[in-house]
Amino acid sequence: MSKRVAAVTGGLGGLGTAICLHLARAGHRVVAADLDGQPERLAAFEAAVHGLDVEFAALDVSDFAACGRFVADVQARHGALDVLVNNAGITRDVTLRKMDRVQWQDVVDVNLGSVFNLCRHAVDGMVERGFGRIVNLSSVNGQTGQFGQTNYSAAKAGMHGFTMALAREVARKGVTVNTVSPGYCETALVMRMPEAIRADIVDKVPVGRLGRPEEIARAVAFLVAEDAGFVTGANLPVNGGLFMSF
Ligand SMILES: NC(=O)c1ccc[n+]([C@@H]2O[C@H](COP(=O)([O-])OP(=O)(O)OC[C@H]3O[C@@H](n4cnc5c(N)ncnc54)[C@H](O)[C@@H]3O)[C@@H](O)[C@H]2O)c1
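Read on for a plain summary of the structure. If you're wondering where the values come from, they're calculated on a predicted model, not measured in any experiment. (Residues numbered from 1 in each chain as written. Predicted model: local features only at pLDDT ≥ 70, side-chain atom pairs only at ≥ 80, totals over all residues. Heavy atoms only, no water.)

**Topic: the overall build of the protein**
Turning to step 1, where the next piece is worked out: Helix and strand counts for the protein come out as 9 helices and 7 strands.
Turning to step 2, where the next piece is worked out: Here the protein has a C-alpha radius of gyration of 17 Å; the compact-globule value for 246 residues is 18 Å, and the two agree.
Turning to step 3, where the next piece is worked out: In terms of principal-axis extent, the alpha carbons of the protein reach across some 50 × 40 × 35 Å.
Turning to step 4, where the next piece is worked out: Within the protein, buried positions represent 48% of all 246 residues.
Turning to step 5, where the next piece is worked out: Counting only contacts in the protein whose residues sit at least 6 apart along the sequence, the fraction spanning at least 24 positions is 75%.
Turning to step 6, where the next piece is worked out: As displayed, the protein has an accessible area near 12100 Å², and 55% of this comes from carbon and sulfur atoms.
Turning to step 7, where the next piece is worked out: In the protein, the 24 positive side-chain charges and the 25 negative ones have mean positions that sit 5 Å from each other. (Helix = DSSP H or I, 4+ residues; strand = E, 2+ residues; numbered from the N terminus. Rg over C-alpha atoms; globule rule 2.2 N^0.38 Å. Buried < 20%, exposed > 50% of the residue type's maximum accessible area, 1.4 Å probe, protein only. Contact = heavy atoms within 4.5 Å. Areas by Shrake-Rupley, 256 points an atom, 1.4 Å probe, with all protein chains shown as cover. Lys, Arg positive; Asp, Glu negative; His and termini not counted. Charge placed at Lys NZ, Arg CZ, Asp CG, Glu CD.)

What follows is the structure, given as structure tokens:
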């Protein structure tokens, strides 16, 4: 069988890079999609994935038409788009009473709108080929809510609603759709927080530390594997026990 082709949005980011590395090492051909015009981050990414079957594509995931062109281009150049990891995300933290319309809309467009934009274009090909794996990167804060994150918590919770609905629509077609909900991880986003706030967060995590990007990548790799076809519509928490439910 030829290599499965995986697209990872937000591929230049902390979790995105780890996911690209893990999938490439597991035998996928990986296309990392991220915003254009970030030469330093792109150079660091290219150094990290050097020697692996990983390429970069410029994409704004909040642009529906651009997502359509991206999917068509990947399919034309690589023959298929088998695995879609919707990982691109942003925060614009502020309490609701101070939140403006742009802070709301940007977070909803990039985190949640992007999932529609890419799945809408990618799912037909997956159904036609009888194989597909979609993973949406949500967050523990979509499950619990978080102070200052009505926009982010709503978008991240919405992602899993989307996951469950689409999972039902394509379940008979060899296509699975799942969510991974990371807890706090050692990425630039979290490491930028003031030390005291970070220490307070770690204090609340039963495992007693932040997650490593590789630990999120491992969960994604599990869900996109060939033999993961019976796992669909699931929300896999990878949060060190910070939030538990059944
Ligand atoms: N790091 C954590 O602790 C944590 C916890 C829970 C959930 N998450 C989620 O995991 C995902 C990755 O997080 P991260 O920590 O790697 O963040 P990050 O900021 O390092 O990476 C996010 C990437 O998304 C890209 N991006 C932003 N807007 C985009 C757009 N419009 N089009 C294309 N790409 C865009 C950014 O350029 C960046 O490379 C996000 O969805 C985030 O919400 C992260």
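**Let's talk about the site of the ligand**
Turning to step 1, where the next piece is worked out: Around the ligand, the structure places 28 residues, and the nearest of them are Leu-15, Asp-34, Arg-41, Tyr-152 and Cys-185.
Turning to step 2, where the next piece is worked out: At a separation of 2.8 Å, an oxygen atom of the ligand approaches a polar side-chain atom of Arg-41.
Turning to step 3, where the next piece is worked out: Residue Val-61 places a main-chain N or O atom 2.9 Å away from a nitrogen atom belonging to the ligand.
Turning to step 4, where the next piece is worked out: Protein burial of the ligand: of its 820 Å² of free accessible surface, 91% is covered by the chains.
Turning to step 5, where the next piece is worked out: Mapped onto the shell around the ligand, the elements with two or more residues apiece are α1 (14-25) and α6 (150-170).
Turning to step 6, where the next piece is worked out: Across the shell around the ligand, the residue classes tally to 14 nonpolar, 10 polar and 4 charged. (Near = heavy atom within 4 Å. Polar contact = N/O pair within 3.5 Å; in protein donor to acceptor, adjacent residues only side chain to side chain. Nonpolar A, V, L, I, M, F, W, Y, C, P; charged D, E, K, R; others polar.)

**Let's talk about α1**
Turning to step 1, where the next piece is worked out: When the terminal C-alpha atoms of α1 are compared, their 17 Å separation across 12 residues agrees well with the 16 Å that a helix rising 1.5 Å per residue should span.
Turning to step 2, where the next piece is worked out: Most of α1 sits out of view: 9 of its 12 residues are buried.
Turning to step 3, where the next piece is worked out: When α1 is considered as a whole, its buried residues turn out to be Leu-15, Gly-16, Thr-17, Ala-18, Ile-19, Cys-20, Leu-21, Leu-23 and Ala-24.
Turning to step 4, where the next piece is worked out: Immediately beyond the C-terminal end of α1, within one or two residues, lies Gly-27, with a positive phi of roughly 105°. (Expected span 1.5 Å × (residues − 1).)

**Quick notes on the packing of aromatic side chains**
Turning to step 1, where the next piece is worked out: Counted by the stated rule, this structure contains 1 aromatic pair.
Turning to step 2, where the next piece is worked out: Ring geometry for Phe-64 versus Phe-116: centroids 5.6 Å apart, planes at 15°, classification stacked. Here Phe-116 lies in helix α4 (residues 101-129) and Phe-64 lies in helix α3 (residues 64-78), a separation of 52 residues in the sequence.
Turning to step 3, where the next piece is worked out: Note on Phe-64: relative accessible area 36%, which makes it partly exposed. (Phe/Tyr/Trp six-rings, centres within 6.5 Å; stacked < 30°, edge-to-face > 60°.)

**Thoughts on helix α9 (residues 213-224)**
In an α-helix, one full turn covers 3.6 residues, which means residues spaced three or four apart are oriented alike.
Turning to step 1, where the next piece is worked out: Helix length check: α9, at 12 residues, gives a terminal C-alpha distance of 17 Å against a target of 16 Å (1.5 Å per residue), a fit within 8%.
Turning to step 2, where the next piece is worked out: Among the residues of α9, those classed as buried are Pro-213, Ile-216, Ala-217, Ala-219, Val-220, Ala-221, Leu-223 and Val-224.
Turning to step 3, where the next piece is worked out: Elements that come into contact with the buried residues of α9 comprise α1, β4 (83-86), β5 (132-137), β6 (175-182) and β7 (235-238).

**Considerations on the pattern of salt bridges**
Turning to step 1, where the next piece is worked out: Applying the stated criterion across every chain, the model contains 11 salt bridges.
Turning to step 2, where the next piece is worked out: Where Arg-4 meets Asp-82, a salt bridge forms, and the shortest distance between an N and an O atom there is 3.7 Å. One end of the pair, Arg-4, is in the segment before β1 (5-9); the other, Asp-82, is in the loop between α3 and β4, with 78 residues separating them in the sequence.
Turning to step 3, where the next piece is worked out: You can call Arg-4 buried: its relative accessible area is 17%.
Turning to step 4, where the next piece is worked out: A salt bridge links Arg-77 to Glu-55, with the shortest nitrogen-to-oxygen separation between them at 2.6 Å. With Arg-77 in helix α3 and Glu-55 in strand β3 (residues 54-58), the pair connects residues that are 22 residues apart, well separated along the chain.
Turning to step 5, where the next piece is worked out: Take Arg-77: its relative accessible area is 41%, and that puts it in the partly exposed class.
Turning to step 6, where the next piece is worked out: Salt bridges sharing common partners tie together Arg-4, Asp-82, Arg-129 and Glu-226. (Salt bridge = Lys/Arg side-chain N within 4 Å of Asp/Glu carboxyl O.)

**Comments concerning the packing of α4 against α6**
Turning to step 1, where the next piece is worked out: One can describe the packing of α4 onto α6 by two numbers: an axis separation of 8 Å at closest approach and a directional angle of 15°. In this view, α4 runs roughly parallel relative to α6, as classed from their interaxial angle. For α4 against α6, the interelement crossing comes out right-handed. Here Gln-103, Trp-104, Val-107, Val-108, Asn-111, Leu-112, Val-115, Phe-116, Cys-119, Val-123 and Val-127 of α4 lie close against α6, whose contacting residues are Thr-150, Asn-151, Tyr-152, Ala-154, Ala-155, Lys-156, Gly-158, Met-159, Phe-162, Leu-166 and Val-170. (Axes fitted to C-alpha atoms, helices over the stretch in contact; angles between N-to-C directions. Parallel < 35°, antiparallel > 145°, perpendicular 65-115°, else oblique. Left-handed = near helix turned anticlockwise from the far one by under 90°.)

**Remarks on the sheet that holds β3**
Turning to step 1, where the next piece is worked out: Within the open sheet, the 7 strands sit side by side as β3-β2-β1-β4-β5-β6-β7. Their pairing is parallel. Of all strands in the sheet, those bounded by a partner on one side alone are β3 and β7. For this sheet, the mean inter-axis angle between neighbouring strands, taken without regard to orientation, is 20°.
Turning to step 2, where the next piece is worked out: By the bridge criterion, 3 bridges tie β1 to β4 in an arrangement that is parallel. Residue Ala-7 lies in a different strand from β4, and its bridge partner there is Leu-84.
Turning to step 3, where the next piece is worked out: Of the strands in this sheet, β1, β2 (29-34) and β3 are in contact with α3, which crosses β2 at around 155°.
Turning to step 4, where the next piece is worked out: Packed onto the sheet, α4 meets β1, β4, β5 and β6 and runs at close to 170° relative to β4. (Pairing = 2+ DSSP bridges.)

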